[in-house]
Amino acid sequence: MTSETTNPEITAPMAADVRMKASPAALARALGLAWQAGRWHVLAYAILALLEAAVPVAAAWLTKSALDVIAHRASGSSGSSALVAAGAGLAVAGVAAITLPHVSSYLRQELQRRTGRLAQDRLFAGVERLAGLAKFEDPAFLDRMSLAHTSGGAAPSAVVSGTLAVCRGFVTVLGFLGSLLVLSPLLAGAVLVAALPALAAELRLSRQRASMMWRIGPMERRELFYRQLLTSVRAAKELRLFGAGRYFRSRMNAERLAADSERRRLDRRELSVEGGLGLLSGVISGGGLIWALFAAVEGRLTAGDIALLATSIVGVQSALAGLVGEVTMAHQQLLNFDHYLTVTGAGPDLPVPARPVVPPTLRYGIEFRDVWFRYSPEHPWSLRGVSFTIPYGSAVALVGRNGAGKSTLVKLLCRFYDPDRGAILWDGVDLRDLDPAELRDRIGAVFQDYMEYDLTAAENIAIGDVAGRDKPAASAARIEAAARKAGVHDAISALPRGYDTLLTRMFFGPDPEAGVVLSGGQWQRLALARAVLGEGRDLLVLDEPSSGLDAEAEHEIHNRLREHRAGRTSLLISHRLGAVREADVLVVLDDGQVVEQGSHDELITLDGLYRKLFDLQAQGYHPADA
Ligand SMILES: Nc1ncnc2c1ncn2[C@@H]1O[C@H](COP(=O)(O)OP(=O)(O)OP(=O)(O)O)[C@@H](O)[C@H]1O
């Protein structure tokens, strides 16, 4: 991708020193997302959280009053009704303490599912807005995507939980601190002060964890790559042939080992920090209890007071620990949520004018005017001052050696990238002035690395006309007509379920007839059918449309395509020079430059690179003439 067309929003902060700060705006966006995903769940979750917070405090006071009534009974007073009330209250609190966490756990899970769905949809809508290809070749962007996917779903519900944990923690801590204050203000202060360093230390640790996750992102992606390689059917042949399984397994293990050592380092740091903090709170609570026992012996505290004190110390400490845990979890998710916000909030990666020109129906042709292009400033030039025209209604063929720049030209023509210098003009309009989606609506194309979708045969073709919709637009008759044009109708009709046959062995289930595997040439014909499905396209681009076909099939396909192309503008790329010799103009590329152009006969007369390549191929077919 060129430096001029890269959206800096997505890549700029991707360096190692990625910003690790949870902003209030990110917090608001995460809460907003959770609210949009399920406002009733958020409300119910909030009410339950407050109830849960009040239960332990109420139970502590009920216990204290029950113990005090019992102590008074020992000294002669009745108090039966108070005892019954305290007992009943304790029973209700017990039931609430057992059931409420289950209900709130369900609500949390449901909220997480809802926010997960909404966040995933928005994230991929953001990815869809990327009109070019460069982002998908940028490792930093891929790392950001993977973190965005995890955090987009998890962060909003974690932030809701964290926020509610703060509220719950406040209610519980204030309730217990109030109780402690009544008994010993000094102890209340000590317990509170001990919690503050814990919060600061945990927040620091969560920042370190988020930055560690960023560092190990590339290792996790590489590990995933090796894992998929080791189980992919495409790779299985070569891995077995070369006995390369062990080689890739050891690379996979090395990535896991490196990521684990980063994780271990942080776990150890957490262990020492949290161990130290645990010791501090143990000393405070132990000291507090010893003081209380002496005070009870001296008659300054009752048995109920001791029970309340012990429960309050433990209650404050565990509420604070829970609060700190939830807040740090939410904090960490929020740090990663930044990646989600960046991807979903990014503008287009290719500059699109505020008022794009609607591509006019092609009437004159497409002109490459002094086009220079390299994939990034670090790459060498792939195209160096390319100029030629594809006149309306004619077939132009691009020929040249491997790496000459033919496919790159096609990618620029579909505006997957913009030229660094020069311009491509569609009837005189610069492609940069058009909306990429509208431009692509005018082009039917088969790429060299076409896709094989694990879907039915009909769906594989119908994808050729789904632009911007969530359902295919083509009727069964149109799909069949496209299949006929691509010469694949008979092969599809012979499948166990015709056009409804699944073209995969991955998802077919127990029915052996439901999934089949096509041959390479048949897949290529399906890709062709996809390209010719869309009606009213101005330009047909075929990058190596017959590389997987046998000679007879190639001949037949070219005849059919010639009929289909009649009167249409087309750009063909092929290494089989016999297949493109009929083109109106042949453009010969070499090392990113146009070195010859003209008809087959003209280029043969010219006796240059084309003639050399053509003669070499011809000799291969007729060795006797060599
Ligand atoms: N995504 C990419 N990132 C970086 N460099 C690339 C990329 N794609 C192609 N190139 C480079 O651009 C140059 C032209 O490649 P291109 O694929 O256009 O050649 P081609 O003429 O289509 O070759 P072939 O006949 O082998 O298909 C090559 O040097 C190639 O290494």
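Please read these numbers as outputs of a predicted model, since none were measured by experiment. (Residues numbered from 1 in each chain as written. Predicted model: local features only at pLDDT ≥ 70, side-chain atom pairs only at ≥ 80, totals over all residues.)

Draft legend 1. Layout of the confidence of the model for the protein chain. Residues with a pLDDT of 70 or more make up 90% of the protein chain, whose mean pLDDT is 83. In this model, residues 1–18 is a region of pLDDT below 50 whose contacts with residues beyond four sequence positions or in other chains number 33 contacts. In the predicted complex, the global pTM is 0.75; the interface-specific ipTM is 0.98. (pLDDT = per-residue confidence, 0-100. Contact = placed C-beta atoms within 7 Å.)

Draft legend 2. Main features of the UniProt feature "transmembrane region" (unreviewed entry) in the protein chain. Taken from the UniProt record, the annotation "transmembrane region" (unreviewed entry) applies to residues 42–62, 82–107, 154–177, 183–205 and 271–294. The span residues 42–62 is 100% helix and 0% strand, and its two end C-alpha atoms sit 30 Å from each other. Secondary structure content for residues 271–294 is 100% helix and 0% strand, while the C-alpha to C-alpha distance between its ends is 34 Å. (UniProt positions renumbered as here; feature names shortened; annotations may be inferred. Helix = DSSP H or I, 4+ residues; strand = E, 2+ residues; numbered from the N terminus.)

Draft legend 3. Focus on the packing of helix 2 (residues 24–37) against helix 5 (residues 139–183). Contact geometry of helix 2 with helix 5 gives a least axis separation of 8 Å together with a crossing angle of 100°. Our classification of the angle between helix 2 and helix 5 gives roughly perpendicular. Contact residues: Leu27, Ala30, Leu31, Leu33, Ala34 and Ala37 in helix 2; Ala155, Pro156, Ser157, Val159, Val160 and Thr163 in helix 5. Looking at side-chain class alone, the contact of helix 2 with helix 5 contains ten nonpolar, two polar and no charged residues. (Axes fitted to C-alpha atoms, helices over the stretch in contact; angles between N-to-C directions. Parallel < 35°, antiparallel > 145°, perpendicular 65-115°, else oblique. Nonpolar A, V, L, I, M, F, W, Y, C, P; charged D, E, K, R; others polar.)

Draft legend 4. Structural context of the domain arrangement of the protein chain. On domain assignment, one finds that the protein chain holds domain 1 (21–345), domain 2 (364–442 + 538–626) and domain 3 (451–537). The interface of domain 2 with domain 3 comprises 15 residues on the first partner and eleven residues on the second. Those elements that provide at least two residues to the side of domain 2 that touches domain 3 are helix 11 (436–441), strand 7 (539–543) and helix 16 (551–565). Ranked by residue count, the leading element in the side of domain 2 that touches domain 3 is helix 16, at five residues. Among the residues forming the side of domain 2 that touches domain 3, the class breakdown is seven nonpolar, two polar and six charged. (Domains from an automatic or database assignment.)

Draft legend 5. Layout of the sheet that holds strand 5 (residues 429–430). Pairing is antiparallel across the open sheet formed by four strands, whose spatial order is 2-1-4-5. If you trace the sheet from one side to the other, it starts and ends with strand 2 (383–391) and strand 5, each paired once. Judged from the two bridges that link them, strand 4 (residues 421–426) and strand 5 form a sheet pairing that is antiparallel. Counted as the bridge partner of Trp426 is Val429 from strand 5. (Pairing = 2+ DSSP bridges.)

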